[in-house]
Amino acid sequence: MNNDNILRERAIDFAHKKIRMSRFEHSTQQQDMTLPSNCGDFGRIHHFKLHPSSHWIENPLPHKPACDYFKEPLPEILPVQLFQLSVCNINCWYCFVDKKLRSGNPKHSEFCSPTDLLKMACQENQPRVIVLSGGQPDLVPEYNLWFLEAREALNMEKTHFIWTDDNLSTDLFFKTITSDQMDYMIKRPGYARVGCLKGFDASSAAFNTRTNLNFFNEQMRRLKQLTQLGFNQYAYVTLTTPDVDKIDLRIGKFFDRIQKEISEDFPLKMVPLEIYKYAVNSNRYKDLAAQNQYTVLKSWIKEMNCRFKNKIQHHNNFWGKDINGHEYV
């Protein structure tokens, strides 16, 4: 049995339709949280910022798909209710999740039903956006499916938007979810997915995840599959890298590949993520690679401006603001 299946078995209870969820109490990650955990210690409130920092570009995810669903303007800060699956199959050096919260450790996790978590999440004044994160959600694809079924059963579809954040690291979604179940998920209102590409080429992704050079190709294949299936699919990209040699050429090749394999306009549904140092990742943080992300970002911006200069109106409609309107480091 491979590691993905081992982690999957550790994190799912079919008999009681429960998922092993992380608990935050006594974790290093708790030190980085601005608010105490909620929903019985299985959840936390996270604040997504439209403008993450003065050094980075606008990040309208999940603002844009969620606010489109609610027919509301994009706020500067979007509070969400976040839950973390307790297992992950990769070990990114910059991960902000405590390792003991992504190993399925029973001391720091517990089986929960999506129904119970949603009931706790729909209390008065709680966020209307639910983020299903991890860990790696697609090690247990039922995590997403059962949440969507529970949301429908609780009559929460009109009031709550669900956003799945996975890392495109496993094929278990395609192997365990039936075509009828996929069709159900694709057609659910108020549901979107984002997959995080852990680099912009094979070498950067292998460095960031401490895996092999084929990892990036597999991520791209899964992103293509999810998009072609018809999911409301988006992508994050991490730009950290140990070197910036020929970086304009490398970013150009990345955009070429995205437009060829996914779609011509898919870069408009992608956002590079700024990587930060936290208490939980401070002992494994790669300072040079983190600093290099700002050099790579400049190449990213040049490609966006070059490739979409004739689609500025489309671009503005999607992001809410032209990327030329910002000053970048």
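Residues numbered from 1 in each chain as written. Predicted model: local features only at pLDDT ≥ 70, side-chain atom pairs only at ≥ 80, totals over all residues. Heavy atoms only, no water.

Visitor: Account for the overall build of the protein, with residues named and values stated.
Guide: For the protein, the helix and strand inventory stands at 11 helices and 10 strands. For the protein, whose C-alpha radius of gyration is 19 Å, the value lies close to the compact-globule estimate of 20 Å for 329 residues. Its C-alpha atoms give the protein principal-axis dimensions of about 50 × 40 × 40 Å. With 329 residues in all, the protein has 56% of them scored as buried. Sequence-distant contacts in the protein: of pairs separated by 6 or more residues, those separated by 24 or more amount to 79%. About 14,200 Å² of surface is accessible on the protein, with carbon and sulfur atoms providing 50% of the total. Computed over 42 positive and 38 negative side-chain charges, the separation of the two mean positions in the protein equals 2 Å. (Helix = DSSP H or I, 4+ residues; strand = E, 2+ residues; numbered from the N terminus. Rg over C-alpha atoms; globule rule 2.2 N^0.38 Å. Buried < 20%, exposed > 50% of the residue type's maximum accessible area, 1.4 Å probe, protein only. Contact = heavy atoms within 4.5 Å. Areas by Shrake-Rupley, 256 points an atom, 1.4 Å probe, with all protein chains shown as cover. Lys, Arg positive; Asp, Glu negative; His and termini not counted. Charge placed at Lys NZ, Arg CZ, Asp CG, Glu CD.)

Visitor: So what about the side chain of arginine 20? Which residues, and what values?
Guide: Counting through the fold element by element, arginine 20 comes out in strand E2 (residues 18–22). For the buried residue arginine 20, which engages in no salt bridge, the nearest side chain bearing the opposite charge is glutamate 110, 7.4 Å off. (Salt bridge = Lys/Arg side-chain N within 4 Å of Asp/Glu carboxyl O.)

Visitor: So, the pairing of strand E6 (residues 129–133): which residues are in play, and what are the values?
Guide: Burial runs high along E6: five of the five residues are buried. Side chains Val129, Val131 and Ser133 project from E6 onto one buried face, and the interleaved Ile130 and Leu132 project onto a second face that is buried too. With four bridges joining them, strand E4 (residues 77–84) and E6 adopt parallel strand pairing. In the strand pairing of E6, leucine 82 is matched with valine 131. (Pairing = 2+ DSSP bridges.)

Visitor: So what's going on with the environment of aspartate 248? Which residues, and what values?
Guide: Here aspartate 248 lies in helix H9 (residues 247–261). Taking the C-alpha atoms as reference points, aspartate 248 and leucine 197, 51 residues apart in sequence, are found 18 Å from one another. The contacts of aspartate 248, once residues within four sequence positions are left out, are Ser299, Lys302 and Glu303.

Visitor: Could you give an account of the packing of helix H3 (residues 114–121) against helix H4 (residues 142–153), naming the residues involved and the relevant values?
Guide: Interhelical geometry of H3 versus H4 gives an angle of 55° and a closest axis separation of 9 Å. Our classification of the angle between H3 and H4 gives oblique. For the crossing formed where H3 meets H4, the hand is right-handed. Between H3 and H4, the residues in contact are Pro114, Thr115, Leu117 and Leu118 and Trp146, Phe147, Ala150 and Arg151, respectively. Split by residue class, the contact of H3 with H4 holds six nonpolar, one polar and one charged. (Axes fitted to C-alpha atoms, helices over the stretch in contact; angles between N-to-C directions. Parallel < 35°, antiparallel > 145°, perpendicular 65-115°, else oblique. Left-handed = near helix turned anticlockwise from the far one by under 90°. Nonpolar A, V, L, I, M, F, W, Y, C, P; charged D, E, K, R; others polar.)

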